[in-house]
Amino acid sequence: TGIANGYDDGRFGIDDVVTREQTAAFLYRYAQYKKMDVSVGEDTNILSFDDAQTISGYAVPAMQWACGAGIITGTGDGSTHSPQGTATRAQLAVLLHRCQFAPPVGLYGDTEPFADVPADHWAAGYIHSATVLGWMQGGSDGLFRPEAPVTRAQAVTAVNRMLGRDAAQNPVGLGMSPWSDLT
């Protein structure tokens, strides 16, 4: 299997929004691919979160690993995971860095690169770093849209960029996609 799997109906769902548990699953598969330690430590107890029972079966190992590794730390007051909640672009930027166990690389220059990401935004350093590293991009309008939902296409593109994969250099040939909505 790859970083992201398609749906049982044969689609990939490029424009479908990604949940927090799906993001954890993508990053878990990334970590497995990179041969990172994805074992669950003794201190990992996702059942301590109030909404642990809402985690889908396929995502339990990924959520256990992501929580134990400090990649996912909870939402709000920290008592919930919000596994079925929509992942935002800001959250993805943070999770990409945590998966790499890397701090953000910081800002370059005196100006804010995105008009909608002020310096005091909770994820500003991660957002700017994710764009400097080439994992994510803002729009041609100068906006990043940090609170916008992440689509499957955006999430998979970001993970592929972390892996050094570039679709422009290695495109899937016309008609070669296994998913009916990627032809």
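Given the structure is predicted, the values throughout are model-derived calculations rather than measurements. (Residues numbered from 1 in each chain as written. Predicted model: local features only at pLDDT ≥ 70, side-chain atom pairs only at ≥ 80, totals over all residues. Heavy atoms only, no water.)

**Student:** For this particular structure, what's the right way to read the side chain of His 81?
**Tutor:** As for its placement among the helices and strands, His 81 is situated in the loop between helix H2 (60–68) and helix H3 (89–100). Setting aside chain neighbours within four positions, we find His 81 in contact with Arg 20, Ile 46, Phe 49, Asp 51, Ile 55, Met 63, Cys 67, Ile 72 and Thr 75. (Helix = DSSP H or I, 4+ residues; strand = E, 2+ residues; numbered from the N terminus. Contact = heavy atoms within 4.5 Å.)

**Student:** I tried to follow a nonpolar patch on the surface on my own but got confused; where do I start?
**Tutor:** The grouping of Val 105, Val 132 and Leu 133 at the surface amounts to a nonpolar patch, some 230 Å² of accessible area in total. Overall, the relative accessible area of 44% leaves Val 132 in the partly exposed class. (Patch = residues over 30% accessible without salt bridge, like charges linked within 9 Å, V, L, I, M, F, W, Y side chains within 5 Å. Areas by Shrake-Rupley, 256 points an atom, 1.4 Å probe, with all protein chains shown as cover. Salt bridge = Lys/Arg side-chain N within 4 Å of Asp/Glu carboxyl O. Buried < 20%, exposed > 50% of the residue type's maximum accessible area, 1.4 Å probe, protein only.)

**Student:** Any chance you could explain the packing of helix H1 (residues 20–33) against H3 here in plain terms?
**Tutor:** Two quantities define a packed helix pair, namely the angle between the axes and the distance from one axis to the other. Put simply, H1 and H3 touch, their axes get as near as 11 Å, and they point 30 degrees apart. One element, H1, and the other, H3, form an angle in the roughly parallel class. H1 and H3 meet at a crossing whose hand is right-handed. Side by side, H1 and H3 meet where Arg 20, Thr 23, Leu 27 and Tyr 30 of the first sit next to Gln 91, Leu 92, Leu 95, Leu 96, Cys 99 and Gln 100 of the second. For the contact of H1 with H3, a count of residues per class yields 6 nonpolar, 3 polar and 1 charged. (Axes fitted to C-alpha atoms, helices over the stretch in contact; angles between N-to-C directions. Parallel < 35°, antiparallel > 145°, perpendicular 65-115°, else oblique. Left-handed = near helix turned anticlockwise from the far one by under 90°. Nonpolar A, V, L, I, M, F, W, Y, C, P; charged D, E, K, R; others polar.)

**Student:** What is the right way to look at the environment of Tyr 7 in this model?
**Tutor:** Along the chain, the position of Tyr 7 falls in the segment before H1. When sequence neighbours within four positions are dropped, the list of residues in contact with Tyr 7 reads Phe 12, Gly 13, Asp 16, Gln 22 and Arg 152.

**Student:** Got a minute to help me understand the confidence of the model for the protein chain in this structure?
**Tutor:** Do not read the predicted coordinates in detail wherever pLDDT is low. Averaged over the protein chain, the pLDDT score is 84; the fraction of residues at 70 or greater is 84%. Looking over the protein chain, one finds the lowest element-wise mean pLDDT in H2, namely 90, and the highest in H3, namely 93. (pLDDT = per-residue confidence, 0-100.)

**Student:** Hey, could you run me through H1 in this one?
**Tutor:** For an α-helix, 3.6 residues make a turn, and residues three or four places apart therefore share a direction. End to end, H1 covers 20 Å across 14 residues, agreeing with the expected 20 Å (1.5 Å per residue, within 8%). Listing the buried residues of H1 in full gives Arg 20, Glu 21, Gln 22, Thr 23, Ala 24, Ala 25, Phe 26, Leu 27, Tyr 28, Arg 29, Tyr 30 and Ala 31. Note on H1: the residue one or two positions beyond its end, Lys 35, has a positive phi of about 60 degrees. (Expected span 1.5 Å × (residues − 1).)

**Student:** Where do I start with the nonpolar core in this structure?
**Tutor:** The tendency in soluble globular proteins is for nonpolar side chains to be buried side by side. Within the largest apolar cluster, 46 residues are counted, with the highest numbers of intra-cluster contacts made by Leu 27, Trp 65, Ile 71, Ile 72, Leu 96, Ile 127 and Met 136. Counting only elements with at least two residues in this core, the list comes to H1, H2, H3, helix H4 (124–132) and helix H5 (152–162). If we skip the residues at most four places from it in the chain, Trp 65 touches Ala 24, Leu 27, Tyr 28, Ala 31, Asp 37, Val 38, Ser 39, Val 40, Ile 71 and Cys 99. (Core = buried A, V, L, I, M, F, W, Y, C linked by side-chain atoms within 4.5 Å.)

**Student:** So what exactly am I meant to see when it comes to the packing of H1 against H5 here?
**Tutor:** Contact geometry for H1 and H5: axes closest at 11 Å, N-to-C directions at 25 degrees. In terms of orientation, H1 lies roughly parallel with respect to H5. Our pair here, H1 against H5, has a crossing hand that is right-handed. For the pair H1 and H5, the contacting residues are Gln 22, Phe 26, Leu 27 and Tyr 30 in the first and Arg 152, Ala 155, Val 156, Val 159 and Met 162 in the second. The residue makeup of the contact of H1 with H5, split by class, is 7 nonpolar, 1 polar and 1 charged.

**Student:** Whenever I open this one, the side chain of Gln 91 confuses me. Can you help?
**Tutor:** Structurally, Gln 91 can be placed in helix H3. Residue Gln 91 is classed as buried on the basis of its relative accessible area of 18%. Side-chain polar atoms of Gln 91 contact the backbone nitrogen of Thr 88, separated by 3.0 Å. With near-sequence residues (within four places) excluded, Gln 91 lies in contact with Arg 20, Thr 86 and Trp 122. (Polar contact = N/O pair within 3.5 Å; in protein donor to acceptor, adjacent residues only side chain to side chain.)

**Student:** How should I be thinking about the packing of aromatic side chains in this particular structure?
**Tutor:** We describe a pair of aromatic rings using the distance from one ring centre to the other and the angle between the two ring planes. Here the structure, examined in full by the defined rule, presents 2 aromatic pairs. Centroid distance Phe 114 to Phe 144: 5.3 Å. Interplanar angle 55 degrees. Geometry classified as tilted. Of this pair, Phe 114 sits in the loop between H3 and H4 while Phe 144 is found in the loop between H4 and H5, placing the two residues 30 residues apart along the sequence. Take Phe 114 and Phe 144: they sit in the same class, and that class is buried. Of note, Arg 152 hangs over the ring of Tyr 7, and the distance from its end group to the ring centre comes to 4.7 Å. The ring of Phe 12 carries Arg 152 above its face, with NZ or CZ at 4.4 Å from the centroid. (Phe/Tyr/Trp six-rings, centres within 6.5 Å; stacked < 30°, edge-to-face > 60°. Lys NZ or Arg CZ within 6 Å of the ring centre and 35° of its normal.)

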